[in-house]
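Inside the fold
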Amino acid sequence: MNRPKTIAEKILSQKSGVDAYAGQIVEAEVDYVMVNDVTGPIAFREFEKLGMEAERDRIVLIPDHYVPNKDIASAEQAKEMRDFARRHDIRNYFEVGRTGVCHQLMIDEGFAAPGRLIIGADSHTCTYGGLGAFSTGVGSTEAAAAFATGRLWFKVPESIKVELHGAFRPHVGGKDLIIRIITDIGVDGATYKAFEFCGPGVANVPVADRLTIANMAIEAGGKAGIFPCDHLTVEHIKDTVKGDYQPVSADDGAEYCQVLRYDLSQLEPMVAFPHLPENGRLVKDADVVIDQAWLGSCTNGRIEDMRIAAAVIKGRQVHPGVRFLVVPASPRVFRQMLEEGLMQVFMDAGAYISGPTCGACLGGHMGILAKGERCVSSTNRNFIGRMGHKESEVYLAGPAVVAASAVAGRIVRPEDL
Amino acid sequence: MDKIRGKVWRFGDHVDTDQIIPAERLVAENLGCMDRFIFEKVRPELAGAIGDGDIILAGKNFGCGSSREHAPRSLIQAGVSCIVAESFARIFFRNSLNVGLLLVECKVDAAEGDELEVDVSGGEVRNLSSHKTFQFPPYPEFIRDLVAKGGLMAKIKEEQR
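So, how was this worked out
- Think of each chain on its own: its residues are numbered from 1, step by step along the sequence as written.
- The lettering of chains begins at A and the numbering of ligands begins at 1, in the order of writing.
- Predicted model: local features are reported for residues with pLDDT of at least 70 only, side-chain atom pairs are reported and counted for 80 or more only, and whole-chain, interface and lining totals are derived from all residues.
- Comment: elements are numbered from the N terminus, with helices defined as DSSP H or I runs of at least four residues and strands as E runs of at least two.
- Using C-alpha atoms as the atom set, the radius of gyration is obtained and then compared with a globule rule of 2.2 Å times the number of residues to the power 0.38.
- With C-beta atoms placed from the backbone, the exposure class of a residue follows from how many other C-beta atoms lie within 10 Å of its own: 20 or more, buried; 12 or fewer, exposed; in between, partly exposed.
- Contact criterion: two residues are in contact if their C-beta atoms, reconstructed from the backbone, are within 7 Å.
- Under the convention adopted here, Pro, Cys and the residues Ala, Val, Leu, Ile, Met, Phe, Trp and Tyr are nonpolar, Asp, Glu, Lys and Arg are charged, and Gly plus all remaining residues are polar.
- If DSSP finds at least two bridges between two strands, the strands pair.
- For helices, the axis comes from a line fit to the C-alpha atoms of the stretch in contact; other axes are also lines fit to C-alpha atoms, and the angle between any two N-to-C directions lies between 0 and 180 degrees.
- Along the chain, pLDDT gives the predictor's confidence residue by residue, from 0 to 100.
- Here the angle decides the label: under 35 degrees means roughly parallel, over 145 means roughly antiparallel, 65 to 115 means roughly perpendicular, and every other value means oblique.
- Crossing handedness follows the turn of the near helix against the far one: under a right angle anticlockwise gives a left-handed crossing, and clockwise gives a right-handed one.
- A right-handed crossover is one whose linking path, passing over the helix from the first strand to the second, runs clockwise when the strands point away from the viewer.
- Every helix has an expected span of 1.5 Å times one less than the residues it contains.
- The domain limits used here are those given by an automatic or database domain assignment.

A tally of helices and strands in chain B yields 6 helices and 7 strands. Going from N to C terminus, chain B has its helices and strands arranged as β-α-α-β-α-β-α-β-β-β-β-α-α. In terms of overall dimensions, chain B is globule-like: its C-alpha atoms have a radius of gyration of 15 Å, near the 15 Å expected for 161 residues. Per-residue burial for chain B yields a buried fraction of 48% across its 161 residues. Expressed as a percentage of contacts within chain B between residues at least 6 apart in sequence, the contacts between residues at least 24 apart total 65%.

Written as C-alpha cells, this is what we have:
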C-alpha cells in the first residue's frame, strides 16, 4: 500500500476514497460538471428522463458554440439551456454578455483550480490541467449522470512524464511545444493516458502557455494534461478562484509508462498542416499563402495571446488578401484588451474584432472558409472541413505566427516580416 | 444480439467526429434525423447507402476529436450495428457504451462490401467472404456489466430503486 502516485492517481484516489493506481476503475466525486449549448440539449433530455434532483451547485452551463445565436435553430438550442437553467434553478448559467468560450470562462469564473476533478461535455475540458486540475472531456449522457449523482466512473490513466528543460526563445510558446509533442507521438500517442509535465523548465512556462498545452492533450488522444501547481499558478488564479483548493503534486518514484524530454530553448515556431494536428512542420519551412488568419479559441484566446499578437502587428497592416479575425475568449479578456489599448492596435492594423464565441473554430459561424481557402489559426483542430468547406484548409499555429502571417499573407515567423 | 452479421464499410485511421457528423449539424432540431448527415463531407453517398445492420471497419483511433455524443447516436440512427476498429478514441468509446453502439477493438482484414460476423461472447470476428477469422479480448468486467445493464443511465436508475 501507499505506493508512490502520479498526480492523476492522487486526484482520482482523493476524489474516490480508494487507493487507486493506473488501470483501476473508480467512481469519483466531481467538483464541477460543465456543458455547452451543443452538448447540453442531449444531457438535459437524459437528465430529465431520470426524474432526479439536480446537483445544482456542481453544474455549470455555458453557451459558447453558436451564441450569439447564429440562426433560428441555434436560437432554439440556446433557449433550451436558458430554460433548463431556470427550471432547475441552476445559478451557474452565463448569459450572452457574461459568457465566453467555456474553458476560458471556467478559469475566469474560478471553477477551475489545482487538485479539482472537473468534467465537461466538451473534449477540450482537459485545459484546466494547466492549473493542476484533473479535468477531462465526457459525453452528454455522462454529464447528465453527474448532474444527478455528482459522480462518474473513471479508469485511472497511466501517465506519460514530460520533462521540460530550459526556456522558450522569443516568439516561441506553448503552442509550438504541444504541436511538437503531438507530431512526435502522433494523434493517438497518448490515447487513454494522461500527460504529466515536470522538470526545471516548468517554472519558465507561463500559465497561459500551460493552459494551451493542456488544452491540446486531447489532440494526442490524451485524457488529461497536468502541470504541477506552483507560485505562478497561485498568482494566476488568486483574484478569481472560487472557494478553497488543494494543490496535488506527484510522489517521488511514481510510475510512468513513458518519459519524454524537451529542451524549450531548442524549439522553433511550429505549424500543423492539414488535416491532422500531428502534421507539424517548422514555420520557416512552410510556404503557404493564406486567405484568413484567426486568433482566438480555448487554445489561444487569452489576454497573453492577444498581447503577443498585438506586439507583432503593432504599426503594421493586415495583408490586403487576408481577413484577420480576432476573437477574445471571454469578457474578461475583451475588457483587458480595451484597457491595455490592444483593440486600437488590432483595429489600426485592419483586423476584425468580435465578442467571445467558439465561432469559426469548429466551423460554426463568424469566419467560415469557402472552397479552396486556407486559414492559419490559433485553434486546436485542422480536420477535413473543420472551419468550413470540405476543400478548405486549416493550419494550426501560435499567436505570434498567426499575427505575422496576417501581415505577410502567407505563413511566416515574426522575424520574417 | 450475441452474433451480428453485416456488410462492411471500410475506413482508414483517425476518423474524427467532425467527419462522422459535422459541427454545423449539431443543433437540437436535428437530434431525430442525424443519420442524414453522417460522413457528409468525406463520403456523402454513405448516408443513403448504409443499410440496417451494416458494420463500419476502421483502422486506428476511430472517433477522435470532439466529445459530441451525436457521433455514435447518428451512426445508430443510420442503422450501423457495430464498429470494428484497431483502436478507438477514449471519449467516443465511452459515449458508444452509453448509447448502445457496439464497439469491437480488433484488427480485421476485410474489403468494402465483405460480409462480417461478429461473435461478441466468443470474441471472434469472421470474414464470411474470405473465411478468415480474427480474435479479440473481452471487455473488462466493469464495462461488461455497464453494457449488460443498458448503459450509464440505466445503471443509475437501477441504483435508485
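A word on the interface of chain B and chain A. Each partner contributes residues to the interface: chain B has 35 residues there, and chain A has 41 residues. For the side of chain B that touches chain A, the secondary structure elements donating two or more residues are α1 (17-20), α4 (90-99) and α6 (152-160) of chain B. Per-element accounting of the side of chain B that touches chain A gives the leading share, 6 residues, to α4(B). Its residues placed into classes, the side of chain B that touches chain A shows 15 nonpolar, 9 polar and 11 charged.

Residue and element names in this part refer to chain A. Spatially, 4 strands are ordered β3-β2-β4-β5 in an open sheet, and the strand pairing comes out parallel. Of all the strands in the sheet, just β3 (59-62) and β5 (134-137) have a single pairing partner and so form its edges. Ignoring strand direction, the axes of neighbouring strands in this sheet form an average angle of 20 degrees. Of the strand pairs in this sheet, strand β2 (residues 32-36) and β3 are connected by 4 bridges, and their pairing is parallel. If you follow N36 over to β3, its bridge partner there is I62.

Below, the discussion takes up the confidence of the model for chain B. Within chain B, residue pLDDT values average 94, and 99% of them lie at 70 or more. Across the predicted assembly, pTM comes out at 0.98 and ipTM at 0.95.

What follows concerns unusual backbone geometry. As a rule of thumb, non-glycine residues mostly have phi less than zero, and peptide bonds are mostly trans rather than cis. Along the chain, V67(A) connects to P68(A) via a cis peptide bond; the corresponding omega equals -10 degrees. Counting through the fold element by element, P68(A) comes out in the loop between β3 and α3 (72-87). A cis amide bond, omega -5 degrees, links P274(A) with the succeeding residue H275(A). For H275(A), the position within the fold is in the loop between β11 (270-272) and β12 (280-282). If you check the backbone angles, H14(B) has positive phi at about 55 degrees while not being a glycine. Although it is not a glycine, H131(B) sits at a positive phi angle of roughly 65 degrees. One can find H131(B) in the loop between β6 (124-127) and β7 (132-135). A tally of 7 C-beta atoms within 10 Å means that H131(B) is categorised as exposed.

Another point: the packing of helix α10 (residues 303-313) of chain A against helix α12 (residues 342-349) of chain A. Residue and element names in this part refer to chain A. Relative to each other, α10 and α12 sit at 45 degrees, their axes nearing to 10 Å. Here α10 lies oblique to α12, going by the angle between them. Handedness of the crossing formed by α10 with α12: left-handed. Contacts between α10 and α12 involve M306, R307, A310 and I313 from the former and L342, V345, F346 and A349 from the latter. For the contact of α10 with α12, the residue count by class is 7 nonpolar, no polar and 1 charged.

Residues and elements named next belong to chain A. Pairing is parallel in the open sheet, where 4 strands are placed in the order β9-β8-β7-β10. In this open sheet, the two strands that pair with only one neighbour each are β9 (224-226) and β10 (258-263). Ignoring which end each strand starts from, the neighbouring axes of this sheet average 20 degrees apart.

Looking now at the pairing of strand β2 (residues 55-58) of chain B. Residue and element names in this part refer to chain B. Every second residue of β2 is oriented toward a common face, with I55 and L57 on one face and I56 and A58 on the other, all of them buried. By the bridge criterion, 3 bridges tie strand β1 (residues 3-10) to β2 in an arrangement that is parallel. By the bridge assignment for β2, W9 is matched with I56. Pairing analysis gives 4 bridges linking β2 to strand β3 (residues 82-85), with the strands arranged parallel. Residue I55 lies in a different strand from β3, and its bridge partner there is C82. Running through helix α3 (residues 70-77), the crossover from β2 to the neighbouring parallel element β3 is right-handed.

Residue and element names in this part refer to chain A. Here helix α6 (residues 174-185) spans 17 Å end to end across 12 residues, near enough to the 16 Å set by a 1.5 Å rise per residue. Elements that come into contact with the buried residues of α6 comprise α7 (207-215), β10, β11, β12, α9 (297-300) and β17 (393-396). Where α6 ends, the next residue or the one after it, G186, has phi of about 90 degrees, a positive value.

Moving on to the domain arrangement of chain A. When the parts of a complex come together, some accessible area is lost, and that lost area is often used as the size of the interface. Residues and elements named next belong to chain A. Under the domain assignment, chain A is made up of domain 1 (25-156), domain 2 (158-239 + 254-267) and domain 3 (271-416). Here the C-alpha centroids of domain 1 and domain 2 sit 25 Å apart. Every contact between the two is made by 16 residues of domain 1 and, on the other side, 18 residues of domain 2. The greatest single-element share of the side of domain 1 that touches domain 2, amounting to 4 residues, is contributed by β5. Of the residues assigned to the side of domain 1 that touches domain 2, the class counts are 5 nonpolar, 11 polar and no charged.

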